[in-house]
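Next come the chains, spelled out residue by residue.
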Amino acid sequence: MDLTIGEVAKRSGLSVHALRFYEREGLFANPVRRLSNGRRIYHQEDLEWLAICTKLRSSGMSLAMIRQYIELVRQGPGNEHERLELLRRHEGHVEARIRELQGALEVMRHKVRVYEDHVVRGEADRLWNPSRPDAAAGEGAVR
């Protein structure tokens, strides 16, 4: 089934501008086909690839690494170990980022508990405020 760029944008959640960018950057697994009048034509496998590609991007994979992966795929069978290594390397980066974000989430949860506790006790004015003259002294101020 042939799809227009507008249909692909609607189904993928990407803008027409983003789809054109992906094409210019060589991020489609298969070259985007065009009709004789120059209009782009997409197929279901393009949508499937875009779903994967957007997950790779949202996980922090660089455009260069996605291009490298696509090039390996385009070469066909025989380089599966290279593809696997590339994916494992990125998996390690994603896991490290998740650990980093988990630490940030723990800090945020602690701060929320501190603020909630102070608000409930009616002591919100004791929370740290750098614009207060006595804030520099830090006595009793909770940050």
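Residues numbered from 1 in each chain as written. Predicted model: local features only at pLDDT ≥ 70, side-chain atom pairs only at ≥ 80, totals over all residues. Heavy atoms only, no water.

**Q** Looking at this model, I keep getting lost on the packing of aromatic side chains. Mind explaining?
**A** Aromatic ring pairs are defined here through the distance separating the ring centres and the angle between the ring planes. This structure, assessed with the given rule, holds three aromatic pairs. An angle of 40 degrees between the planes, with centres 5.7 Å apart, marks the rings of Phe 28 and Tyr 42 as tilted. One end of the pair, Phe 28, is in the loop between helix H2 (16-24) and strand E1 (33-34); the other, Tyr 42, is in the loop between strand E2 (40-41) and helix H3 (44-58), and 14 residues separate them in sequence. A relative accessible area of 3% means that Phe 28 is categorised as buried. (Phe/Tyr/Trp six-rings, centres within 6.5 Å; stacked < 30°, edge-to-face > 60°. Helix = DSSP H or I, 4+ residues; strand = E, 2+ residues; numbered from the N terminus. Buried < 20%, exposed > 50% of the residue type's maximum accessible area, 1.4 Å probe, protein only.)

**Q** Hey, could you run me through the pattern of salt bridges in this one?
**A** Close approach of charged atoms lets side chains of opposite charge pair. One pass over the structure, following the stated rule, counts ten salt bridges. Arg 34 is the salt-bridge partner of Glu 23, the closest N and O atoms lying 3.3 Å from each other. Residue Glu 23 is located in helix H2, and its partner Arg 34 is located in strand E1; the two are separated by eleven residues in the primary sequence. Residue classification places Arg 34 among the partly exposed residues on the basis of a relative accessible area of 44%. For Arg 74, the salt bridge goes to Glu 71, with nearest N and O atoms at 2.8 Å. (Salt bridge = Lys/Arg side-chain N within 4 Å of Asp/Glu carboxyl O.)

**Q** Got a minute to help me understand helix H1 (residues 5-12) in this structure?
**A** Side chains three or four residues apart in an α-helix point the same way, a direct result of the helix having 3.6 residues per turn. Considered for burial, the residues of H1 that qualify are Ile 5, Val 8 and Ala 9. Angularly, the buried residues of H1 cover 105 degrees about the axis, an arc narrow enough to put them on a single face. Looking at the buried positions of H1, the neighbouring elements they touch are H2, E2 and H3. Residue Gly 13 follows H1 closely and has a positive phi angle near 85 degrees. (Arc of directions from axis to C-beta. Contact = heavy atoms within 4.5 Å.)

**Q** Hey, could you run me through the environment of Ser 15 in this one?
**A** Among the structural elements, Ser 15 can be located in the loop between H1 and H2. Here Ser 15 falls in the partly exposed class, since its relative accessible area comes to 39%. In sequence terms Ser 15 and Val 94 are 79 residues apart; their C-alpha atoms lie 25 Å from each other. Within the structure, the side chain of Ser 15 is placed 2.9 Å from the backbone nitrogen of Ala 18, a separation counted as a polar contact. (Polar contact = N/O pair within 3.5 Å; in protein donor to acceptor, adjacent residues only side chain to side chain.)

**Q** Any chance you could explain H2 here in plain terms?
**A** Along H2, the positions that sit buried rather than exposed are Ala 18, Leu 19 and Tyr 22. Buried residues of H2, seen end-on, are gathered within an arc of 100 degrees and therefore sit on one face of the element. Exposed and oriented more than 90 degrees from the buried face of H2 are His 17 and Arg 24. Contacts made by the buried residues of H2 are with H1 and H3. Of the residues one or two after H2, Gly 26 is the one with positive phi, at around 75 degrees.

**Q** It is not clear to me how the side chain of Asp 46 should be interpreted in this structure. Could you clarify?
**A** Residue placement: Asp 46 occurs in helix H3. When its relative accessible area of 2% is taken as the criterion, Asp 46 is described as buried. Every residue in contact with Asp 46, bar those within four places of it in the chain, is listed here: Phe 28, Asn 30, Arg 33 and Ile 41.

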